Amino acid sequence: MKRFSLLFISVFIIIGFQPVKAAEQRTVIIELEGDVSAYREYLEMHYPFIEIVDEFDTLFQGLALRATDAQLDELSQHSHLLNIHQVHTYKAETKRTEVPFVTQEFLGTSAAGVTGKGVKVGVIDTGIDYTHPDLKKNYKGGFDVVDWDDDPMETTPEEGEATIHGTHVAGIIGANGKMKGIAPDAEIFSYRALGPGGTGTSVQVIAAIEKAVEDKMDIINLSLGSSVNGPDWPTSLAVNKAVEMGVSVVTANGNEGPANWTVGSPATATKALSVGAVTTPQKTAVLYERFYKKMIPILPLQGAVEWKQRRSLPIMDGGTGEKQLPDATGKIVLFKRGKIPFAEKARIAERANAAAVLIYNDGSGPLEASIQDGGKPVSIPVAAVTRQVGLWLLKNEKTAQLSAKQVELQNRMAAFSSRGPVTRNWAIKPEIAAPGAPVWSTVPQSGYQALQGTSMAAPYVAGALALVKEAHPEWTDEQQIGALLTTAQLLQKPNDQPYDPIEQGMGKMQPSKAISTPVIIENPLLRFGKIDSKQDAEYVLTVHNVSNVRQKLQFDQPKAVSGIRWKVPMAVELSPHETERLNISISVNPDIQEAGVHQGYLSARFGQQKVHLPYLFLLKNADYPKAMGLEMEWKPLNRKGAYHYQIYLPEGVAELRIDLYDPDTLIYNRQLLTKKQVDAGLLEGSMSKREAGKPGVYLALIQLRMNDGKYVSTELPLYLSDQMLVK
């Protein structure tokens, strides 16, 4: 996976790939206040040459139009349309690999005979190659919101950068041929929201969700995401609305791990079932620093030779690769990502006799790249590490010595899998985990390939949910999801300690146990919110006995911790098909406990089944990102044109200041924006070309004065262009 309230007044422009000539038509979605059909009649009467492509009245009120710049310019003057709204870019995020994994191994015996028959699953993605022999039997239709037609085929090489992602996702859910998906008899529908290169916009995603809801999908799979960690981002709100209308929505948690607070919308939706990625049986190389006892995950670049060296080697700082290196014999050269291509960095180190190369990202998340550029192959290992790891290595350059080790990664949380919690409401994300690193599935032109990412883990859960829905149509949507959560397997780290709740949620999904469970805890992730002073916080569990016999649910008393007092029911007996609501409360003394995120597990059991209930609360404050999603887009749809800017703030601030710097030299360029008394949520506005300044690529330093008087700052990349890109 990579690159409103719902009814506020705005216009969304679908971002595409080619600059449009003045006389060409472009596709836009206008969002309206009031009755859609009345505005449609108005357009048909007064603007007969504007083509009305589609109408939206489920998740938001709007119309899809094809019109010229001049026609859109005139429309933008209407009082109905108060603003042109920036939209966020979404991308299907995957990592290519060559290790296959057989999905059937995962299901278990109790799922035998359950195939997802009669369950409709909508795949919102890059489209599907519905001619694939393993997919054509179960493919039942869909819609393409990129080209605005009913042919949601994957992008072909003739149309732009070809895609394979949606076909891969669909195969995991419902392949039915040479390969069998999780639910091989499910009905698969495709909603193409991501175009060439696997990119699209929030409005395309929302439009696709609306189409899927209108087509009465039972399940929607969203293996896509953004970098905005907020529960009230438009795509998250659209997901919540879809769930309220009776559709179960499964989302990929994101590939920006291993840092906390990296889950992004739409996985941040309160009512989405968000999925983290678990490794499948494989061996991989990691680097180990013996003195610091530090294990460092690495991501080999595509085309690189295998990392086999076992002796400990020192580190050499190679900068960004813009300068020739001194002799690097027997050393690992550490580069920062920059302007120099990855393959050229590797060859610079190779010419200096380096033993290997590490490249660290200059932003958050993993660095997925290749050294295959058509030139001479690189003979030394080349791998990527996160920015956090790169900075640690630089800090300890004179003492760190790295050796390679082969480790077994089965049933481990993948390093790239995004972590929670969600800002503002402090929800635990992901809720559940499934195989995602790597997974073998279908790709276009009758092929098969292994990919990895939470994009692969989400369809595992979507397929398993289809099995549960077929096996237990009498259960509610909440009970069906609750069954998967209640029966998940808690995963352990290499040190035999459980992964944190914000890493794995309830743990690895076990479809067989979900289908046969006698007890369902509908909402087993305990969220107590933010605690600012000495107070009690309460959470209500909903427990269902779905069996024909009496069931006893017994809780283990939490371990005593200074400053924290729990109140949990010791034991509850439920009659057949009885539902109980149980209060669990926690009292926290902030004078004793440290500020920050507090998380762990409460244990309960019914019969032989043990359940680990994740809990989380935030005490006073935590080191979560205070600003994200900074974007500026040139809007030419009025006579002068203007930049529309947006930035997301998880909490309100007394003052916001954005300064721009050269990303390479870090020399100050200019001040972009200052605002005072900014509310939490999405801050939007517009500025002229003169106010914005010279277009280009910048590093934005965002300085915030919080409402308590404290100052925090963060850095975000910013691309400032005065060209409008459209499809």
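Our subject is the structure that appears above.
A. Structural detail: the sheet that holds strand β28 (residues 526–531). Strand order in the open sheet formed by 5 strands is β28-β35-β34-β30-β32, and the pairing between neighbours is mixed. This sheet does not close on itself; its edge strands, each paired only once, are β28 and β32 (571–574). Sheet twist, expressed as the average angle between the axes of neighbouring strands with direction ignored, equals 20 degrees. As judged from the 4 bridges shared by strand β30 (residues 551–555) and β32, these two strands associate in the antiparallel manner. The partner of Gln551 across the bridge, within β32, is Leu574.

B. Representation of the packing of helix α8 (residues 454–471) against helix α9 (residues 477–486) in the model. Running from N to C, α8 and α9 cross one another at 120 degrees; their axes reach a closest spacing of 10 Å. Considered as vectors, α8 and α9 are oriented oblique to each other. Classified by chirality, the crossing of α9 by α8 is right-handed. In this structure, α8 contributes Val461, Ala464, Leu465, Val468 and Lys469 to the contact, and α9 contributes Asp477, Gln480, Ile481 and Leu484. Of the residues belonging to the contact of α8 with α9, the class tally is 6 nonpolar, 1 polar and 2 charged.

C. Fine view of the packing of aromatic side chains. Inspection of every chain in the model, using the stated rule, returns 13 aromatic pairs. Look at Phe291 and Tyr292: their rings are 5.0 Å apart centre to centre, the planes differ by 90 degrees, and that puts the pair in the edge-to-face class. For Tyr292, a relative accessible area of 31% puts it in the partly exposed group. Following the ring pairs from residue to residue traces out a cluster consisting of Phe528, Tyr539, Trp566 and Tyr615. Just above the ring of Phe143 sits the side chain of Lys211; from NZ or CZ to the centre is 4.4 Å. Cation over ring: Lys294 sits above Trp392, and NZ or CZ is 5.0 Å from the ring centre.

D. Examining the pattern of salt bridges more closely. Per the stated rule, a full pass over the model turns up 17 salt bridges. Among the ionic pairs, Asp144 bridges to Arg192, the shortest N-O distance being 2.8 Å. Here the residue Asp144 occupies a position in strand β10 (residues 139–144), and Arg192 occupies one in strand β11 (residues 187–192), the gap between them amounting to 48 residues. Comparing Asp144 with Arg192 shows no difference in burial state: the two are buried. A salt bridge links Lys339 to Asp664; its shortest N-O distance comes to 2.9 Å. Within this pair, whereas Lys339 is found in the loop between β20 (332–336) and α6 (342–351), its partner Asp664 is found in the loop between β38 (653–661) and β39 (668–678), the two being separated by 325 residues in sequence.

E. Structural context of the nonpolar core. In this structure, Phe528 and Leu541 are the most contacted members of the largest nonpolar core, which totals 89 residues. Of the residues forming this core, the biggest block, 11 residues, is contributed by α8. Sequence-distant contacts of Leu541, that is, excluding residues within four places in its chain, are made with Ile521, Asn523, Pro524, Leu526, Phe555, Glu580, Arg581, Leu582, Ile584 and Leu613. Judged by nonpolar contacts, the second largest core, of 29 residues, contains Phe56, Trp148, Leu222 and Val239.

F. Focus on the sheet that holds strand β42 (residues 711–720). In space, the 4 strands of this open sheet follow the order β39-β38-β41-β42, with antiparallel pairing throughout. This sheet does not close on itself; its edge strands, each paired only once, are β39 and β42. The mean angle between the axes of side-by-side strands here comes to 20 degrees, regardless of whether they run parallel or antiparallel. Pairing between strand β41 (residues 696–706) and β42: 10 bridges, direction antiparallel. For Gln703, the partnering residue across the bridge sits in β42 and is Ser713.

Rules of the game
Residues numbered from 1 in each chain as written. Predicted model: local features only at pLDDT ≥ 70, side-chain atom pairs only at ≥ 80, totals over all residues. Heavy atoms only, no water. Pairing = 2+ DSSP bridges. Helix = DSSP H or I, 4+ residues; strand = E, 2+ residues; numbered from the N terminus. Axes fitted to C-alpha atoms, helices over the stretch in contact; angles between N-to-C directions. Parallel < 35°, antiparallel > 145°, perpendicular 65-115°, else oblique. Left-handed = near helix turned anticlockwise from the far one by under 90°. Contact = heavy atoms within 4.5 Å. Nonpolar A, V, L, I, M, F, W, Y, C, P; charged D, E, K, R; others polar. Phe/Tyr/Trp six-rings, centres within 6.5 Å; stacked < 30°, edge-to-face > 60°. Buried < 20%, exposed > 50% of the residue type's maximum accessible area, 1.4 Å probe, protein only. Lys NZ or Arg CZ within 6 Å of the ring centre and 35° of its normal. Salt bridge = Lys/Arg side-chain N within 4 Å of Asp/Glu carboxyl O. Core = buried A, V, L, I, M, F, W, Y, C linked by side-chain atoms within 4.5 Å.

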